[in-house]
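Structural overview
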Amino acid sequence: MALHLSSSDWRQLLHWAEMAGDHECCGILRGEADRVSAVELAQNVAADPTRHFEIDPAALFSAAKDVRSGGIPVLGFFHSHPNGMAEPSPTDIAQAAPDKHIWLIIAAGAITAWQPVVVGAQVTGFTPVVLMKEG
């Protein structure tokens, strides 16, 4: 599977990560199948945003409400790793929901895509997804 992301959304994600500095930025990916059609920045409400992320529940609720009324589906989520590691951390694995949402991780000027590996009702890791920049 390859995931497609526009060059403008790619630049936007890198910009948000840079602006967040030593805090993790985070947000929602909208789209269908293998194409991200919108990226939405959300507030990181984690107790320690320098080490973790938690998407503001209000943003998640708003996105779910929008989808129910015919809006663009939630394809996944994104967050940055100020530590420079563009791969899921042990905390990411422990806190991931056992679903098939795509995760983008932004670190050190790179963006990587991941999908949870679900065994039973538990995420045991992530598998890389090819990320294609378009335009």
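Before reading further, recall that the structure is shown in the block above.
Heads up: these notes are all about the structure in this document. The residue numbers shown here count from 1 along each chain, following its written sequence. In keeping with the predicted nature of the model, local features appear solely for residues at pLDDT of at least 70, side-chain atom pairs appear and are counted solely at 80 or more, and the whole-chain, interface and lining totals rest on all residues. Side-chain figures throughout are based on the complete set of non-hydrogen atoms in the structure, without hydrogens or water.

Some details on the overall build of the chain
Strands are runs of DSSP state E lasting at least two residues, helices are runs of H or I lasting at least four, and both sets are numbered from the N terminus onward. When helices and strands are counted, the chain shows three helices and seven strands. N-terminal to C-terminal, the α/β element order of the chain is β-α-β-β-α-β-α-β-β-β. Along the first, second and third principal axes, the C-alpha set of the chain runs to 40 × 35 × 30 Å. Relative accessible area decides the class of each residue, using a 1.4 Å probe on protein chains only: under 20% of the type maximum gives buried, over 50% gives exposed, and in between gives partly exposed. Counting all 135 residues of the chain, 41% fall into the buried class. Contacts are assigned to residue pairs that have any heavy atoms within 4.5 Å of one another. Across the chain, every contact between residues at least 6 apart in sequence was considered, and the portion connecting residues at least 24 apart equals 61%. We score Asp and Glu as negative and Lys and Arg as positive, and we do not count His or the chain ends. Note that the charge is assigned to NZ on lysines, CZ on arginines, CG on aspartates and CD on glutamates. Of the side-chain charges in the chain, 8 are positive and 15 negative, and the distance between the mean point of each set is 6 Å.

A look at unusual backbone geometry
Not every positive phi belongs to a glycine, and Ala-33 is a case in point at roughly 55°. Within the fold, Ala-33 resides in the loop between β2 (26–32) and β3 (35–42). According to the relative accessible area criterion, Ala-33 is exposed, its value standing at 63%.

What to know about the environment of Pro-82
By the element assignment, Pro-82 lies in the loop between β4 (74–80) and α3 (90–95). Judged by relative accessible area, Pro-82 falls into the partly exposed class, the value being 35%. For the pair Pro-82 and Pro-116, spaced 34 residues apart in sequence, the C-alpha separation works out to 21 Å. Excluding residues that lie within four positions of it along the chain, Pro-82 makes contacts with Gly-21, Asp-22, His-23 and Glu-24.

Observations concerning the environment of Asp-66
Along the chain, Asp-66 turns up in helix α2 (residues 57–68). A relative accessible area of 30% places Asp-66 in the partly exposed class. Beyond its immediate stretch of four places on either side in the chain, Asp-66 contacts Arg-30, Gly-71 and Ile-72.

Some words on helix α1 (residues 7–20)
Here, expected helix span is obtained from the residue count minus one, scaled by 1.5 Å. Here α1 is 14 residues long and its end C-alpha atoms lie 20 Å apart, about the 20 Å a rise of 1.5 Å per residue gives. Within α1 the residues assigned to the buried category are Ser-7, Asp-9, Trp-10, Leu-13, Trp-16 and Ala-17. Contacts from the buried residues of α1 go to β1 (2–6), β3, β4, β5 (102–107), β6 (110–119) and β7 (122–134). Just downstream of α1, Gly-21 is the residue with a positive phi angle, here 60°.

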